[in-house]
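Structural description and commentary
Spelled out, the chains give:
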Amino acid sequence: MAEMKYWLLKTEASDYSIDDLQRDGRTCWSGIRNYQARNFIRDDMAVGDLALIYHSNGDPPGVTGIARICKTAYGDPTAFDTKDSHYDPKSTKSEPIWYAVDVEFVSMFPNVISLEHLKNTRNLGGMLVLKRGQRLSVMPVEEKHFRIVEKMGT
DNA sequence: GCCAACGTTGGC
DNA sequence: GCCAACGTTGGC
């Protein structure tokens, strides 16, 4: 088995929150429309990888829990749906441009680990989400950083 | 709602 | 291939 990887997945709490994931148990993580993020999803995510769930535009913005990748990348169904706001006619089922994975609920933190808290945690220096101007909705996380945030959330 | 920091598009 | 215009993200 390949080495386990760690990720950070951004979502807007008003759109799909950790509470929604806990309720659903499992969901299709769709709507990613950035090539760099797409490449992570399509090429690097494996079943069993763990992801920090990050609420952007939250109050406060921050990490709210953990999910696990439970199905590797497949053509993003929202790109095929003419009624969906993420519809993209250039992405076809035979040759998808955009991809989704399935994730399952692992845990919800009792308190949000706020962006400010992350910034003030010295051991998290270099974590991608803290970098200025970092807008990727999917990004890799180093194991050591994942473990620190996981611990902060328990 | 503002705006900085991007990524994408399209004319040339 | 350059780059200006435009759209989006996301903290504040």
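**A word on the overall build of chain A**
Counting its regular elements, chain A contains five helices and six strands. Along its sequence from the N terminus, chain A presents helices and strands in the succession β-α-β-α-β-β-α-β-α-β-α. At 15 Å, chain A has a C-alpha radius of gyration in line with the 15 Å of a compact globule built from 154 residues. Taken along the three principal axes of its C-alpha coordinates, chain A extends 45 × 35 × 30 Å. Taken over 154 residues, chain A has a buried fraction of 44%. In chain A, the share of contacts with a sequence separation of at least 24, taken over all contacts with a separation of at least 6, comes to 73%. For chain A, the accessible surface area stands at approximately 8,500 Å², while carbon and sulfur atoms represent 46% of it.

**Some words on helix α2 (residues 35-44)**
Because each turn of an α-helix spans 3.6 residues, side chains separated by three or four positions end up pointing in the same direction. Listing the buried residues of α2 in full gives Ala-37, Arg-38, Phe-40 and Ile-41. The arc that holds the buried residues of α2, viewed along the axis, is 160°, so those residues lie on one side. Each element contacted by the buried residues of α2 is listed here: β1 (6-12), β4 (62-75), β5 (99-114) and β6 (138-140). Two to three positions downstream of the cap, the backbone nitrogen of Gln-36 sits 3.0 Å from a side-chain oxygen, assigning the N-cap of α2 to Asn-34.

**Points about the protein's contact with DNA strand C**
Near DNA strand C you find Lys-10, Tyr-54, Ser-56, Asn-57, Pro-61, Leu-115, Lys-119 and Arg-135, and these make up its full shell. The sugar-phosphate share of atoms of DNA strand C within 4 Å of the protein amounts to 74%. A distance of 2.8 Å separates a phosphate oxygen of DNA strand C from a polar atom in the side chain of Lys-10. Looking at the surface near DNA strand C, the elements with two or more residues in it are β3 (50-56) and α4 (115-119). Its residues placed into classes, the surface near DNA strand C shows three nonpolar, two polar and three charged.

**Regarding the pattern of salt bridges**
All chains considered together, the criterion is met by twelve salt bridges. Here Asp-81 makes a salt bridge to Lys-83, at a shortest N to O gap of 4.0 Å. Measuring nitrogen to oxygen at the nearest pair gives 3.6 Å for the salt bridge that ties Glu-142 to Lys-144. One connected set of salt bridges, linked through shared partners, spans Asp-20, Arg-23 and Asp-24.

**Let's talk about the nonpolar core**
The nonpolar side chains of a soluble globular protein tend to be buried, and buried together. Of all hydrophobic cores here, the largest spans 38 residues; its most connected members are Leu-8, Leu-52, Val-63 and Val-138. For Val-138, the contacting residues outside a window of four places in its chain are Trp-7, Leu-8, Leu-9, Ile-32, Ala-37, Phe-40, Ile-41 and Met-45.

**Observations regarding the packing of aromatic side chains**
Here the structure, examined in full by the defined rule, presents four aromatic pairs. Their ring planes at 55° and their centres at 5.7 Å tell us that Trp-7 and Phe-40 sit as a pair that is tilted. With a gap of 33 residues between them, Trp-7 in strand β1 and Phe-40 in helix α2 connect regions that are remote in the sequence. Considering the side-chain rings of Tyr-35 and Trp-98, the 4.8 Å spacing of their centres and the 35° angle between planes classify their relative orientation as tilted.

**Notes on the environment of Ser-91**
Mapping Ser-91 onto the fold places it in the loop between α3 (77-80) and β5. Residue Ser-91 is classed as buried on the basis of its relative accessible area, which comes to 4%. Considered as a pair, Ser-91 and Leu-8 are 83 residues apart in the sequence and their alpha carbons are 25 Å apart. Here Ser-91 is in contact with Ala-79, Phe-80, Pro-96, Ile-97 and Trp-98, once residues within four sequence places are set aside. In terms of polar contacts, Ser-91 uses its side chain to reach the backbone amide nitrogen of Trp-98, at 3.5 Å.

**Some words on the protein's contact with DNA strand B**
Around DNA strand B, the structure places Asn-34, Tyr-35, Arg-132, Gly-133 and Arg-135. Close to the protein, within 4 Å, the atoms of DNA strand B belong to sugar or phosphate groups at a rate of 67%. Within the side chain of Arg-135, a nitrogen or oxygen atom sits 2.5 Å from a base oxygen of DNA strand B. Across the surface near DNA strand B, the residue classes break down as one nonpolar, two polar and two charged.

Calculation criteria
Residues numbered from 1 in each chain as written. Chains lettered and ligands numbered in written order. Predicted model: local features only at pLDDT ≥ 70, side-chain atom pairs only at ≥ 80, totals over all residues. Heavy atoms only, no water. Helix = DSSP H or I, 4+ residues; strand = E, 2+ residues; numbered from the N terminus. Rg over C-alpha atoms; globule rule 2.2 N^0.38 Å. Buried < 20%, exposed > 50% of the residue type's maximum accessible area, 1.4 Å probe, protein only. Contact = heavy atoms within 4.5 Å. Areas by Shrake-Rupley, 256 points an atom, 1.4 Å probe, with all protein chains shown as cover. Arc of directions from axis to C-beta. Polar contact = N/O pair within 3.5 Å; in protein donor to acceptor, adjacent residues only side chain to side chain. Near = heavy atom within 4 Å. Nonpolar A, V, L, I, M, F, W, Y, C, P; charged D, E, K, R; others polar. Salt bridge = Lys/Arg side-chain N within 4 Å of Asp/Glu carboxyl O. Core = buried A, V, L, I, M, F, W, Y, C linked by side-chain atoms within 4.5 Å. Phe/Tyr/Trp six-rings, centres within 6.5 Å; stacked < 30°, edge-to-face > 60°.

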